[in-house]
There are 2 protein chains.
Amino acid sequence: MPKPVWNATQLPIVQAPMAGVQRSRLAAAVAGAGGLGSLPGAMFDAAGLRTELQTLAPLMAQAGAPYNVNFFVHQTPAPDDAAEARWRARLAPYFAEHGIDPATVPAGAGRQPFSAQIAEVLEEFKPPIVSFHFGLPAPALLARVKAWGAQVWSSATTVAEALWLQQHGADVVIAQGLEAGGHRGHFLSDDLALQSGTMALLPQIVDAVSVPVVAAGGIADARGVQAALALGATAVQVGTAYLCCDEAETSALHRAALRDPEAGAAVLTRLFTGRPARGIVNRLMREAGALSADAPAFPTATAALAPLRAKAEAQGRTDFSPLWSGQNRSGCGEPSAARLTRALAGL
Amino acid sequence: MPKPVWNATQLPIVQAPMAGVQRSRLAAAVAGAGGLGSLPGAMFDAAGLRTELQTLAPLMAQAGAPYNVNFFVHQTPAPDDAAEARWRARLAPYFAEHGIDPATVPAGAGRQPFSAQIAEVLEEFKPPIVSFHFGLPAPALLARVKAWGAQVWSSATTVAEALWLQQHGADVVIAQGLEAGGHRGHFLSDDLALQSGTMALLPQIVDAVSVPVVAAGGIADARGVQAALALGATAVQVGTAYLCCDEAETSALHRAALRDPEAGAAVLTRLFTGRPARGIVNRLMREAGALSADAPAFPTATAALAPLRAKAEAQGRTDFSPLWSGQNRSGCGEPSAARLTRALAGL
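Residues numbered from 1 in each chain as written. Chains lettered and ligands numbered in written order. Predicted model: local features only at pLDDT ≥ 70, side-chain atom pairs only at ≥ 80, totals over all residues.

1. Some thoughts on the interface of chain A and chain B
The condition that has to hold: In this description, a residue-residue contact is defined by the distance between C-beta atoms placed from the backbone, which must lie within 7 Å. Only DSSP runs of H or I reaching four residues or more are called helices, and only runs of E reaching two or more are called strands; each is numbered from the N terminus. All residues other than Ala, Val, Leu, Ile, Met, Phe, Trp, Tyr, Cys, Pro, Asp, Glu, Lys and Arg, Gly among them, are scored as polar; the first ten of these are nonpolar and the last four charged.
In this assembly, 32 residues from chain A lie in contact with 32 residues from chain B. In terms of residues, the side of chain A that touches chain B owes the most to one element, helix α7 (residues 198-208) of chain A, which gives six residues. Tallied by class, residues from the side of chain A that touches chain B come to 14 nonpolar, 14 polar and four charged.

Now the structure itself:
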């Protein structure tokens, strides 16, 4: 196997950062088994991130393992009252059904982009790898990250994005095939027709850039890892298979959907955040149309759904929950993140 | 490498049948190099197929090689005057631009489904492999094919389709990942959101069925072949990379688009036939919307486009031409089908 780029003694397995369903415990378990553990930073504010890193950094130091902290780099949109009103009108029947007064539901952004405040927290901990989704931060912010020697990774969904990332300072490109769960990382074009499967995307990115390429999308077992390495990847990033591990914080309802062969397919939807992301079909996606333009701009779609999700989940229903998943959930059978990591590496 | 299923002495490389862009010459060249050559039957009537097989069968006998003849198994739709009128109304500005009187343009089906007449021709030649797209023929017709000992292959785009094919008599399942060029083979659901990339689809089909699985979609070089074999495929089917071979009948305009890195992406479109198929974006796709519902049912969309395509191509334009291509056209550099076949196999 080719040497991973972060530590020559490690396995070429990266645990994908998955905001909302995992924190330090999963990352530490993966690191302990020889993989690269990742902490998703998108849903923390600066204080929350500091608290979490106060847990994670000592665990990683103890394990002698590098780790990855991941952030979104979107622009928070200006408040758009018309779009918010349209979204609430679309959801009005659901509010009525659940006895929720929409006037009591706050608007707002559920996810924070990478910022100077966040960079300041990271400077205290100096994580060895910082990864981004939706491009890269502005040059001054990126320079701050590079200043403590961090490797910068980011996701590309097309060859053009991979070249852009290399030109703008990414040390590693993650080739995110269309099979991947969660948010699509595209940032140069919103045209979903341009998104490719891993089998087509990965070798074309490997040939186009000179930096190491990590493969993501559709990889759920050792066969997938071997396939990605054959296509030229230096390592693979796996998300879905880790969602059912004991060390993840995935809800019981989400785990049940992942493990249920009768649950629907995992398809792209804009409904939960405003950007296309892959998750298992549920009631909202069926009724509103998974890619409906009624959802307002990322990340403002989430706020209005929050009370609906809470009410439904309290009743054991996933009607309004994002059930993030890739197209291959066959790996969701292993409860131990350490065993999963080693199994992915063929050990 | 695992043994191919059709002949233990052959390479695990199947040349994809590609209606309209290749005939016997390509199939024979691939067979001569140790791969499996395929003849697309969808655009022949019975007499035309007989003539073509009178060329192909002796070539294959001489080479001691098996071969594959491929057919579509759609239902020809009942004539739908309203749909045809809507389609012609959509195309009216193009007819006017090109000085074509639409009243002179015949309607009709450009592709014939597998039929008793075709089976009768095949019985004369007894091709060792008969493959189908869009499912399988009716049981009585399928029994005729099996009666001379032919292996029956068909494409699956989901695990459910793979199981259906196995249950209904397919000897080999082709796992067609979303990356593939040309027509999507789905037949149990028209929902394109259910279509998976090869990396996710292939191992799940391999695990679900007991028959051999051939991988298709996104495979353009020896790395892709190795990846597909690692995922459990018995062999791979490659289309796009063969399109630029000298032995194919691909038009010069189509070849130029395949080889032009500045040509657009290959996306799914309904416009050229009425069913979703992957081709490089051109003027009609941009202006009409690649998946527009204005195109009438498969395969009736083709007829009205034929004179537009002819006029434009005569002027060196691909505005109305189907530029079939998968998502990975990096293999379109090798003019020799024999060398390409051996290179795919890593020789």
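2. Regarding the packing of helix α1 (residues 24-32) of chain A against helix α2 (residues 46-63) of chain A
All names here are of chain A. Under the convention used in this document: Note on definitions: angles span 0 to 180 degrees between N-to-C directions of axes, and those axes are lines fitted to C-alpha atoms, for helices only across the stretch in contact. Should an angle fall under 35 degrees it is taken as roughly parallel, and over 145 as roughly antiparallel, whereas 65 to 115 is taken as roughly perpendicular and any remaining angle as oblique.
Their axes nearest at 10 Å, the elements α1 and α2 cross at an angle of 10°. In terms of orientation, α1 and α2 fall into the roughly parallel class. The segment α1 lies against α2, with Ser24, Ala27, Ala28, Ala31 and Gly32 engaging Glu52, Thr55, Leu56, Leu59, Met60 and Ala63.

3. Notes on the sheet that holds strand β2 (residues 37-40) of chain B
Residues and elements named next belong to chain B. As a reminder, the rule being used: By the convention used here, strands pair only if DSSP detects at least 2 bridges between them.
Across the sheet, eight strands lie side by side as β1-β9-β8-β6-β5-β4-β3-β2; this open sheet has parallel pairing. Two strands close off the open sheet at either side, each with one partner strand: β1 (13-15) and β2. Across this sheet, the average inter-strand angle for adjacent strands is 25°, counted without regard to direction. Across four bridges, strand β4 (residues 129-133) lies against strand β5 (residues 151-156) in parallel orientation. Opposite Phe132, over in β5, you have Ser154 as the bridge partner. Helix α7 (residues 198-208) rests against β5, β6 (172-176) and β8 (213-216) of the sheet, and its axis sits at about 175° to β8.

4. A short note on the sheet that holds strand β2 (residues 37-40) of chain A
All names here are of chain A. Ordered in space as β1-β9-β8-β6-β5-β4-β3-β2, the eight strands form an open sheet in which the pairing is parallel. Two strands close off the open sheet at either side, each with one partner strand: β1 (13-15) and β2. Pairwise comparison of adjacent strand axes, ignoring direction, gives a mean angle of 25° for this sheet. Both strand β3 (residues 67-72) and strand β4 (residues 129-133) contribute to a ladder of five bridges, which runs parallel.

5. Side note on the relation of the copies chain A and chain B
Heads up, the rule is: Copy-to-copy alignment: least squares on C-alpha atoms, limited to residues at pLDDT 70 or above in both.
By a simple turn and slide, chain A fits onto chain B: the slide is 0.0 Å along the axis, the RMSD is 0.0 Å, and the turn is 180°. These values place the two chain copies in the arrangement generated by a two-fold rotation axis. In terms of proximity to the rotation axis, the leading residue of chain A is Ala227(A), whose C-alpha is 1.9 Å off the axis. Looking at the interface residues of chain A, 100% of them are also at the interface in chain B, so both copies use one shared face.

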